[in-house]
Amino acid sequence: MNILVVLRMVPDVVEELEIAPDGKSLDLEFGRMVLSESDDHALEQALLIKERSGGTVTALALEAREVDEVLFAALAKGVDRVVKITGPKEGATTREAAHSIAQVISSEPGLKGADLVLTGTQAINDLDGLMAPSLAQELSLPFLGIVTGLVPDSSARSTVAVKEFPRGVGGEFEVALPAVFGIQAAEKPPRYVPVAKVRAVMKSQRIDSVSAAATEEPSLSLLLVLEMTKPQPTAHAEILEGSPEQTASALCGILAERGLL
Amino acid sequence: MGGATLSVGRSSPEITLENLLQHPKGQELLTCIQCGLCAGTCPYGEVMAYPPRRIIAMLRAGMLESVLTSDSLLACVACYSCMAKCPRNIQLTEVLLPLVKEQVFLRLAELPAELHKALDNTLRYGNPMAESPRKRAAWIKTVDFPIRILAEDPRPVDVLWFVECQNSYHPRGQDVSRATAKLFHVLGIDFAILGNEEKCAGECARLLGEKGLFETLTDYIMVVFSKYRFNRIVTSGAHAYDAFKHPYTAAGFKYEVAHTTPFFADYLEQLKSRLTRKLPYAITYHDSCCLGRHNGFYEQPRWLLQAIPGVKLLEMPHNRISATCCGGGGGGMWLDTYYKTKGYERLSERRVKEAVSTGADVIAVSCPYEISRFEDALKVLGYEKKVMVRDVTELLSEAMEV
Amino acid sequence: MSAEYWVVVEHWRGSVSQITYEALALGREVADQLGASLHAVLLGHNARELAATLGKADSVIYADDPQLSEVVAETYAEALVQLLKSRKPKGIIIPLTNVSLGAGTLLGARLGLPVVNFCTDVKVAEGAVQARCTLYGGKIESRVTTEREPTILGLCPGARPSEKGLSDQRPPIEDFAVSLPEPAIHLKKYIEPEAGDVDITQQEVLVAVGRGIQGQENLNLAETLAKQLRGAVCASRPVIDQGWLPISRQVGKSGATVKPKLYLALGISGAPEHAEGMKNSALIVAVNTDRSAPIFNIAHYGIVADVLEVLPALSEAIESRKGVGSHA
């Protein structure tokens, strides 16, 4: 089983996010980058499949600040090869990133012919589209998202995939391979890797660097961001006053407005 | 898998679990008389499958692997009880246990979720709470006099105050920091903090067996210290104090270091004249493992408390060298749910019951973990309206009229 | 040909999802401002009768195919591609939920169309459609427009009250034939969640109870409310410690971290150890007798009252609101 995992670094929201002077984008100099949460699950799922049925796992990521630590940690967790893709500018949209990554997957020896391409189901900055279906389209592969279970057949020709529907209902699908999956949650939480192991890997293993061909294409995202703002957080709750009946009724109105009733 | 290493001075030959018995430090283990005092005094003795006595026996018998593949040692809260009571003075908590736990840690199939998060956060943000490093010094804005941050004003200073994570970010910890700052201020001490450059000192990671994380933090902090000129380091973190005093020496730490409680006790005469407000509290002091058993500071906090007018000091049956741990060390701070699933009693609840039995209305503490742990235990046991938890510095500050 | 605006109908297991009506309400506004007609695109199999409640639209475009009997992003995208060969709306609203996720991106990628995700509002300014999108877990808002049509908008729940998307008019139905290739993805069966075994991190609504619930015997009040809101009950540490709920329901530093659309904190003080586990919930409403409880610092709305009085009142208020139109 040949598994590719696509990892993406996204702005870390634990830090304050700052808007760039142009008022339309994030000030990327200011913040830090972190691995997108569901990509971590995609990586874990890939490792679980490898442990169960053998095979190789390759992790790919676009160059970004702090991506090296993530790739070394992936190696320390048991990934066989990690590839850093250089070329695209930091701040590329999801579809732009998908295009570059798909290009590399299609042209780089050792990356073509994967049975499974896994990535997180959704990232916090997927404004112009999601990674998994974008990749699927670029690679002409089938796609299934919001996957919480993945059990490939030993023939590597098909897999059972469980997709999460509302209210905890799971949908069990059969998917012909090769295919792209957007992983919502791995079967187990992403494993911890001791810092000593990562430090050892930094000394003994390396990250392969591959450049994506520069494209003259106009922006693939096709979006025009007019403005980016930070909604002001309220420091204190708005207190609803009155009798239990009155406050309950007022609360109902608020919930209804938000589509929660 | 590589063996565990203990650097006793980074230039000396590496000690591993394998060569431990051949190394002088390790040969002390051979003097163990298998008396079992360690197991008997361990707060989790009844659930600890491998107390130090048994680990040493297994080591001698070449059967250490069973110890290393068990998760039993996650119950060790690194309270130093075994080490303090050992009649042969074997360096159990300081040497043996971290070495063994390092190997256990590498073999654990799955880390309990809360602990996993705390370690990830500590590596990434320099604190276990996933708080932004940029907000570490935000609390100083709530103090009504300026507090110097060395990165902004690097002139030499008398005291570099190492604040610690809980004291920087947790609301109750910030209460302690405000009180501590007030004491420094009132005593006219020239002090400064590292602000956002400060990160976790890593002692709990080390005691848990996450040696790589400890070393990463040590390397970082030693570089930060080297940038500034100061006479001494004073910290309100009991575990941070322990780290600097002991394992950091291997990384070249040579600075004078003190914990705030014994530090302020040195200024007792000066403080006494300022403690003018009567606090009619019956206080029982909980000896912190790091300050007390490990470093011998039993009387200093008591002198400070007794200097407060109106205070009556009550002792718990387990006090000083016998004090029972709040359960926060060695990773215990993030293993409450894990212990609960195993059916272990929470040590903080056990200790709070003992405190309540003295009739005290205040539990005085000097380690940041103790405040949230005991306040939580009081709530769970239903005593939160009867008994409150206060740090020694908070009580001193409260006893000062402005 | 006059301008058109589309809303893709989300339906699942025989019912039209609430978000469809929210989307219709929004779509109606946008279409009216553009001077366009609004069409609901219904893809399904033997699902014609679902069109009856979609009268907010000027017509329902209905494509029937056995392969559309289950929602598979691939198949939906292909059907829409075929639809778009002969008609060109200015925009297509597709709900962004567990049911429909992915279809919008696939469609956009296949036809080189702009996709705008995480929309929470849409308005028309100078004849152009502008979307407001919430990114980075709610910390950033973006105003976005596009220059190519149709623009695909991925709509978040809650953009408009669903009542505004209802209508008692039956819309005309335009049938459209699609020819769908053999899919690589087959739904074999649904797996129902085990009774009592709830993953609170996957819930959209959480009714959280703390010490203020006072006793295990009062938990049923919270359960009732949770059922009404289609969510689940969770708790702070002290409640779990008492054994009133299993550990799987614990929220906080020692338990789960949750980010539901609605977190109702009932009788919870909001100590940092609990707040850590839920502070990023989209909407936090707290009920506590203590006006100075820290929970009110992170809640969006608060009620200073006894949980045991508010709970039944809330359940009753919700009951009397129901019957506004039956939808899933």
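Above this text you will find the structure in question.
Residues numbered from 1 in each chain as written. Chains lettered and ligands numbered in written order. Predicted model: local features only at pLDDT ≥ 70, side-chain atom pairs only at ≥ 80, totals over all residues. Heavy atoms only, no water.

Draft legend 1. Here's a closer look at the overall build of chain A. Each helix and strand in chain A was counted, giving 6 helices and 13 strands. Counting every atom, chain A has about 10400 Å² of accessible surface; 51% of that belongs to carbon and sulfur. Taken together, the 23 basic and 37 acidic charged side chains of chain A have centroids lying 7 Å from each other. (Helix = DSSP H or I, 4+ residues; strand = E, 2+ residues; numbered from the N terminus. Areas by Shrake-Rupley, 256 points an atom, 1.4 Å probe, with all protein chains shown as cover. Lys, Arg positive; Asp, Glu negative; His and termini not counted. Charge placed at Lys NZ, Arg CZ, Asp CG, Glu CD.)

Draft legend 2. Highlighting the overall build of chain B. Scanning chain B for helices and strands turns up 20 helices and 9 strands. Its C-alpha atoms give chain B a radius of gyration of 21 Å, within 12% of the compact-globule value 21 Å for 402 residues. Dimensions of chain B, computed from C-alpha atoms along their principal axes, come out at roughly 65 × 50 × 35 Å. A burial count over chain B gives 64% of its 402 residues as buried. A separation threshold of at least 6 residues defines the contact pool for chain B, and within that pool the share at least 24 residues apart is 76%. With an accessible surface of roughly 14900 Å², chain B has 52% of that area assigned to carbon and sulfur atoms. A distance of 1 Å separates the average location of the 47 positive side-chain charges in chain B from that of its 45 negative side-chain charges. (Rg over C-alpha atoms; globule rule 2.2 N^0.38 Å. Buried < 20%, exposed > 50% of the residue type's maximum accessible area, 1.4 Å probe, protein only. Contact = heavy atoms within 4.5 Å.)

Draft legend 3. Looking closely at the pairing of strand β5 (residues 59-64) of chain C. Residue and element names in this part refer to chain C. Most of β5 sits inside the fold, with 5 of its 6 residues counted as buried. By the bridge criterion, 6 bridges tie strand β4 (residues 37-44) to β5 in an arrangement that is parallel. The residue bridging glycine 44 from the neighbouring strand is aspartate 64, located in β5. Alignment of β5 against strand β11 (residues 173-176), held across 4 bridges, turns out to be parallel. Across the sheet, valine 60 pairs through a bridge with isoleucine 173, a residue of β11. (Pairing = 2+ DSSP bridges.)

Draft legend 4. Spatial organisation of the nonpolar core. Leu7(A), Leu60(A), Leu118(A), Leu135(A), Leu150(A), Phe181(A) and Leu43(C) are the most contacted members of the largest nonpolar core, which has 99 residues in total. When near neighbours in sequence (up to four residues on either side) are disregarded, Leu150(A) contacts Gln45(A), Ile49(A), Arg52(A), Leu116(A), Leu118(A), Thr159(A), Val160(A), Ala161(A), Phe181(A), Ile183(A) and Glu187(A). Among the nonpolar cores identified, the runner-up in size contains 66 residues, and Ile140(B), Phe145(B), Phe230(B) and Leu275(B) belong to it. (Core = buried A, V, L, I, M, F, W, Y, C linked by side-chain atoms within 4.5 Å.)

Draft legend 5. Layout of the packing of aromatic side chains. Under the criterion given, the structure shown has 31 aromatic pairs over all chains. Arranged with centres 5.2 Å apart and planes meeting at 5 degrees, the rings of Phe165(A) and Trp12(C) form a pair that is stacked. Of this pair, Phe165(A) sits in the loop between β8 (158-164) and β9 (170-176) while Trp12(C) sits in strand β2 (residues 11-12), which puts the two residues in different chains. The class for Trp12(C) is buried, based on a relative accessible area of 10%. The structure contains a cluster of three or more aromatic residues connected by ring pairs, namely Phe162(B), Phe214(B), Phe225(B), Phe230(B), Phe244(B), Tyr248(B), Phe253(B) and Tyr255(B). The ring of Phe214(B) is capped by Arg206(B), whose NZ or CZ atom sits 5.8 Å from the centre of that ring. (Phe/Tyr/Trp six-rings, centres within 6.5 Å; stacked < 30°, edge-to-face > 60°. Lys NZ or Arg CZ within 6 Å of the ring centre and 35° of its normal.)

Draft legend 6. View of helix α3 (residues 52-60) of chain B. Residue and element names in this part refer to chain B. Considered for burial, the residues of α3 that qualify are Pro52, Ile55, Ile56, Met58 and Leu59. Looking down the long axis of α3, one finds its buried residues gathered within 165 degrees of arc, a one-sided arrangement. Its buried side turned inward, α3 meets α2 (37-41), α4 (64-68), α5 (81-85) and α6 (92-107). One or two positions beyond α3, positive phi appears at glycine 62, with a value near 70 degrees. (Arc of directions from axis to C-beta.)

Draft legend 7. Local environment of the side chain of Thr93(B). You can see Thr93(B) is positioned in helix α6. Ignoring sequence-local partners within four residues, the contact set of Thr93(B) consists of Ala78(B), Tyr80(B), Cys82(B), Met83(B), Pro98(B) and Leu207(B).

Draft legend 8. Here's a closer look at the pattern of salt bridges. Residue and element names in this part refer to chain B. Per the stated rule, a full pass over the model turns up 72 salt bridges over all chains. With its nearest N and O atoms 3.3 Å apart, the salt bridge here joins aspartate 153 to arginine 148. Side by side, aspartate 153 and arginine 148 carry an identical accessibility label, which is buried. A salt bridge links arginine 373 to aspartate 336, with the shortest nitrogen-to-oxygen separation between them at 3.1 Å. One end of the pair, arginine 373, is in helix α19 (residues 368-381); the other, aspartate 336, is in helix α17 (residues 336-341), with 37 residues separating them in the sequence. Among the residues examined, arginine 373 registers a relative accessible area of 4% and is labelled buried. (Salt bridge = Lys/Arg side-chain N within 4 Å of Asp/Glu carboxyl O.)

Draft legend 9. Structural context of the interface of chain C and chain A. The interface is formed by 79 residues belonging to chain C together with 76 residues belonging to chain A. Taken together, both faces of the contact between chain C and chain A bury some 7000 Å²; the carbon and sulfur share is 62%. It is Asn98(C), Tyr136(C) and Tyr301(C) in chain C that bury the most area against chain A; as a group they hold 11% of the surface buried on that side. There are 5 salt bridges connecting chain C and chain A. Our count for the contact surface shared by chain C and chain A stands at 28 residue pairs in polar contact (both at pLDDT 80 or more). Looking at the side of chain C that touches chain A residue by residue, the class counts come to 41 nonpolar, 20 polar and 18 charged. In the sheet, strand β13 (residues 238-239) of chain A pairs with strand β17 (residues 301-303) of chain C via 2 bridges, with the strands oriented parallel. (Buried area = accessible area lost by both parts, 1.4 Å probe. Polar contact = N/O pair within 3.5 Å; in protein donor to acceptor, adjacent residues only side chain to side chain. Nonpolar A, V, L, I, M, F, W, Y, C, P; charged D, E, K, R; others polar.)

Draft legend 10. Focus on helix α4 (residues 131-139) of chain A. Of all 9 residues in α4(A), 7 are buried; the element is thus mostly enclosed. Looking at α4(A), one finds that the buried residues are Met131(A), Ala132(A), Pro133(A), Ser134(A), Leu135(A), Ala136(A) and Leu139(A). The secondary structure elements touched by the buried residues of α4(A) are β1 (2-7), α3 (94-107), β6 (116-120), β7 (143-152) and β10 (179-183) of chain A together with α3 (103-111) of chain C. Two residues or fewer after α4(A) comes Ser140(A), characterised by a positive phi angle close to 55 degrees.

Draft legend 11. Fine view of the side chain of Glu172(A). The residue Glu172(A) is located in strand β9 in this model. Accessibility expressed as a relative area gives 19% for Glu172(A), which makes it buried. Those residues within four positions of Glu172(A) in sequence are excluded, and the remaining contacts are Val160(A), Ala161(A), Val162(A), His186(C), Leu187(C), Lys188(C), Lys189(C) and Ile191(C).

Draft legend 12. Structural context of the interface of chain B and chain A. Taken together, the 22 residues of chain B in the interface contact 21 residues of chain A. Approximately 1700 Å² of surface area, both sides summed, lies buried where chain B meets chain A, with 50% of it carried by carbon and sulfur atoms. Summed over the shared surface of chain B and chain A, the result is 6 salt bridges. One salt bridge in this structure joins Arg124(B) and Asp12(A), with 2.9 Å as the shortest N-O distance. The interface formed by chain B and chain A includes 12 residue pairs in polar contact (both at pLDDT 80 or more).

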